[in-house]
Amino acid sequence: MTISLRNRRAGAAATATALALASLAALAGTATPASASGRATTAGPATAATTALAPESAAALKPASPAASAAPASGDPAVPSALTLPRPTGPYATGRDTLFLTDHERTDPWVPAAGARRLLVSLHYPARPGSGGDPAPYMPEAEARLMLAQRGLDDPEWPGLVAATRTSSRTDARPAPGRFPLVLLSPGFGTPRATLTGLAEELASRGYVVATADHPYESTGTELPDGRVLTCAACDEVDAQPDDAGRRKVLAAVSAGRADDFSFLLDRLTGPRPAWRHARTIDARRVGMAGHSIGGNAAASTMAADRRVDAGVTMDGTFFDQVAARGLDGRPFLMLGTDPGHAPGAGDTSWDEGWARLDGFKRWLTVRDSGHFTFTDTPAIGEQLGIVDPDAPLSAARSTTITRAYVTAFFDRSLRGRPARLLDGPTPAHPEVLFQRP
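Scoring rules and cut-offs
Residues numbered from 1 in each chain as written. Predicted model: local features only at pLDDT ≥ 70, side-chain atom pairs only at ≥ 80, totals over all residues. Heavy atoms only, no water. Helix = DSSP H or I, 4+ residues; strand = E, 2+ residues; numbered from the N terminus. Buried < 20%, exposed > 50% of the residue type's maximum accessible area, 1.4 Å probe, protein only. Contact = heavy atoms within 4.5 Å. Areas by Shrake-Rupley, 256 points an atom, 1.4 Å probe, with all protein chains shown as cover. Phe/Tyr/Trp six-rings, centres within 6.5 Å; stacked < 30°, edge-to-face > 60°. Lys NZ or Arg CZ within 6 Å of the ring centre and 35° of its normal. Pairing = 2+ DSSP bridges. Arc of directions from axis to C-beta. Axes fitted to C-alpha atoms, helices over the stretch in contact; angles between N-to-C directions. Disulfide = S-S within 2.5 Å. Core = buried A, V, L, I, M, F, W, Y, C linked by side-chain atoms within 4.5 Å. pLDDT = per-residue confidence, 0-100. Right-handed = clockwise from strand over helix to strand, strands pointing away. Salt bridge = Lys/Arg side-chain N within 4 Å of Asp/Glu carboxyl O. Parallel < 35°, antiparallel > 145°, perpendicular 65-115°, else oblique. Left-handed = near helix turned anticlockwise from the far one by under 90°.

Peer 1: Looking at this model, I keep getting lost on the overall build of the protein chain. Mind explaining?
Peer 2: Secondary structure summary: the protein chain contains 11 helices and 17 strands in total. Each of the 438 residues in the protein chain was classed as buried or not, and the buried ones make up 61%. Sequence-distant contacts, at least 24 apart, represent 76% of the contacts inside the protein chain between residues at least 6 apart. Working note: accessible area of the protein chain is about 16000 Å², and carbon and sulfur atoms make up 52% of it.

This is how it looks when you write it as structure tokens:
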């Protein structure tokens, strides 16, 4: 893979920065998931299915030209003073709350000595215009530092810049009147929940309550309310496996474990004694789930385990935990992924197998010029930093527009019964999107 960096002066330190941040936007292809120490390792051969969800080692990236080794010097006007996420397009303002929940009935599967399983959850919701306080923070700096360090970033200024990315949601905002469908979101393996903020804000602006969960010990870093930071013990477990079959087995357990996490979260959001102060705004009869990478596998795993989830979306996620042989009881499912990597008969055969088992309304869409992280906030953040990745040339604007349009259309159809002509077939408005009909 080759990259280049626009409008930068030379400097060895920021060469590593550019290469590392480019890996956030690239389809990974060489390294297994990060270890808890933040190292990308290459323990044995990896299949396309394994590497498709793994963050790529910066050492695997090569500059395309002298421009790729250019770097932002201190005070360089080309370096943005602040990063921003694309504004949501729906009619509602958006609020955000954070929940810290403990499931006392389960021990943490990765670090049993830590005790009960815990979840950190961001809740985005439709809000009254003009209400609320400051913009909600994007990510704790400690989480940003670990996420970027895993990808080879050593410059101490960059974690603060990424952590301070400006969002459109307000803290303490008053909910809009009414009851809204609930969408659960699950991030990729080794990736903080913050990287799905843009999609969460878009859905909230269009009248959904959105609960995005961090799964402790499955991310490069999860900062708890007391300031402790949990690193990726599950990544170490993947690294410790002697072969690809062992790695796939652990990753299947990650997906199945997330199904348990989300069933618990549904209990705490929609049960008789809800944990969230605005739980009355949730319509528990209409629940969907989407996820990126292994989070997309978790959407299918959760639907198989919990009938309360009515519809699911995977965004470029391998089905390590296979779609149930019985199907999903006729519930709808959307597969949205890279092209050609997730086209029929391509490297990830779990999509061919999963497609055959899905027994309700279903769509298989692939996106030209996309990469593994196209469906997250990564393109928007990377492009503002001047990153160019020829292996995933789809622009941040198109990445954002396509992801928002098709995920929202799917949930509008599945949870609200609204017409979704966008899902009927190809459209000139989105020529990059291919409808697969194997």
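This is not the end of the story, as more comes after the structure.
Peer 1: Would you mind going over helix α5 (residues 197-205) with me for this structure?
Peer 2: For an α-helix, the turn length of 3.6 residues means that residues three or four places apart are oriented alike. A large share of α5 lies buried, amounting to 9 of its 9 residues. On the buried face of α5, the contacting elements are β5 (93-107), β6 (116-127), β8 (180-186), β9 (209-214), β13 (311-315) and α11 (396-416).

Peer 1: Honestly, the packing of aromatic side chains in this entry has me stumped. Any pointers?
Peer 2: Here a ring pair, both rings aromatic, is described through the centre-centre distance and the interplanar angle of the planes. Under the defined criterion, the tally for this structure stands at 7 aromatic pairs. Between Tyr92 and Phe180, the aromatic rings sit 5.6 Å apart at their centres with planes inclined by 85 degrees, giving edge-to-face as the arrangement. Of this pair, Tyr92 sits in the loop between β4 (70-71) and β5 while Phe180 sits in strand β8, and the two are 88 residues apart along the sequence. Above the ring of Phe361, the side-chain terminus of Arg413 is found at 3.6 Å from the ring centroid. In this structure, Arg416 packs its charged tip against the face of Tyr208, placed 4.2 Å from the ring centre.

Peer 1: Is there a simple way to think about the pairing of strand β17 (residues 433-436) in this case?
Peer 2: Look at any regular strand and the pattern is simple: side chains alternate between the two faces of the sheet. Residues Val433 and Phe435 of β17 are buried on one face, and the alternating residues Leu434 and Gln436, pointing to the opposite face, are buried as well. Alignment of strand β15 (residues 362-368) against β17, held across 4 bridges, turns out to be antiparallel. When the sheet's bridge partners are listed, Thr366 is paired in β17 with Leu434.

Peer 1: Whenever I open this one, helix α9 (residues 349-357) confuses me. Can you help?
Peer 2: Along α9, the residues that are buried comprise Ser350, Trp351, Gly354 and Trp355. For α9, the buried positions fall inside an angular range of 135 degrees around the axis, keeping them on one side.

Peer 1: Whenever I open this one, the environment of Pro88 confuses me. Can you help?
Peer 2: One can find Pro88 in the loop between β4 and β5. Each C-alpha atom of the pair Pro88 and Leu199 lies 8.4 Å from the other, and the pair is 111 residues apart in sequence. Look past the residues within four positions of Pro88 in its chain and what remains in contact with it is Ser168, Glu201, Glu202, Ser205 and Arg404.

Peer 1: How should the sheet that holds β17 be read in this particular structure?
Peer 2: Strand pairing in a sheet relies on backbone hydrogen bonds, with the paired strands running either antiparallel or parallel. Reading across from one edge, β7-β5-β6-β9-β8-β12-β13-β14-β15-β17 is the order of the 10 strands in this open sheet, with mixed pairing throughout. Of all the strands in the sheet, just β7 (170-171) and β17 have a single pairing partner and so form its edges. Against the sheet, helix α8 (residues 294-305) touches β8, β12 (282-292), β13 and β14 (333-339), its axis set at about 140 degrees to β12.

Peer 1: Teacher, can you tell me more about the state of the cysteines here?
Peer 2: Working definition: the covalent bond between the sulfur atoms of two cysteines is a disulfide. With the rule as written, the count across this model stands at 1 disulfide. Between the sulfur of Cys232 and that of Cys235 lies a disulfide, 2.0 Å long from S to S. Note on the Cys232 and Cys235 pair: the S-S dihedral is about 70 degrees, so by sign convention the disulfide is right-handed. With a relative accessible area of 1%, Cys232 lands in the buried category. For Cys235, a relative accessible area of 0% gives the class buried.

Peer 1: Would you explain the nonpolar core in this entry?
Peer 2: When a protein is soluble and globular, its nonpolar side chains tend to lie buried together. Ranked by internal contacts, the top residues of the largest apolar core, which has 39 residues, are Val121, Leu182, Leu184, Leu265, Leu269, Trp276 and Phe333. Contact partners of Trp276, with chain neighbours within four places excluded, come to Asp97, Leu99, Leu123, Tyr125, Val209, Arg268, Leu269, Thr281 and Ile282. Core analysis: the next-biggest nonpolar cluster, separate from the first, contains 30 residues, Ala311, Val313, Met315 and Phe411 among them.

Peer 1: What is the right way to read the confidence of the model for the protein chain from this model?
Peer 2: Keep in mind that low pLDDT regions are not for reading the predicted coordinates in detail. The predicted model of the protein chain averages 84 in pLDDT, with 81% of residues at 70 or higher. Scored below 50 in pLDDT, residues 1-77 shows 190 contacts in the model against residues more than four places distant or in partner chains.

Peer 1: I tried to follow the pairing of β9 on my own but got confused; where do I start?
Peer 2: Counting buried positions along β9 gives 6 out of 6 residues, so the element sits mostly inside the fold. Of the two faces of β9, the one carrying Val209, Ala211 and Ala213 and the one carrying Val210, Thr212 and Asp214 are both buried. Bridge count between β6 and β9: 5 bridges; the pairing is antiparallel. Among the inter-strand pairings, Val121 is bridged to a residue of β9, identified as Ala213. Bridge count between β8 and β9: 4 bridges; the pairing is parallel. Counted as the bridge partner of Val183 is Val210 from β9. Each parallel crossover has a hand, and the one from β8 via α5 to β9 is right-handed.

Peer 1: Honestly, the environment of Gln322 in this entry has me stumped. Any pointers?
Peer 2: For Gln322, the position within the fold is in the loop between β13 and β14. The class for Gln322 is partly exposed, based on a relative accessible area of 45%. Dropping the residues within four chain positions of it, Gln322 is found in contact with Glu353 and Arg357.

Peer 1: Can you walk me through the pattern of salt bridges in this structure?
Peer 2: For side chains of opposite charge, pairing can occur when their charged atoms come near one another. This model, assessed by the stated rule, comprises 21 salt bridges. In this structure, the salt-bridge partner of Arg206 is Glu202, at a minimum N-O distance of 2.6 Å. In this structure Arg206 comes out as partly exposed when scored by relative accessible area, which is 33%. In this structure, Arg228 and Asp226 form a salt bridge, with 2.7 Å as the shortest nitrogen-oxygen distance. A relative accessible area of 45% places Arg228 in the partly exposed class. Within the structure, one salt-bridge network assembled from shared partners comprises Asp103, Arg106, Asp108, Arg117, Glu218, Arg258 and Asp261.

Peer 1: Honestly, the packing of α5 against α11 in this entry has me stumped. Any pointers?
Peer 2: Helix packing geometry: the angle between the two helix axes and the distance between the axes. Orientation of α5 relative to α11, taken along the N-to-C sense of each, is 50 degrees, at an axis distance of 10 Å. With respect to each other, α5 and α11 are oriented oblique. In the packing of α5 onto α11, the handedness of the crossing is right-handed. Contact with α5, carried on its side by Gly198, Leu199, Glu202 and Leu203, involves Thr403, Arg404, Val407, Thr408 and Phe411 of α11 and no other residues of that element.

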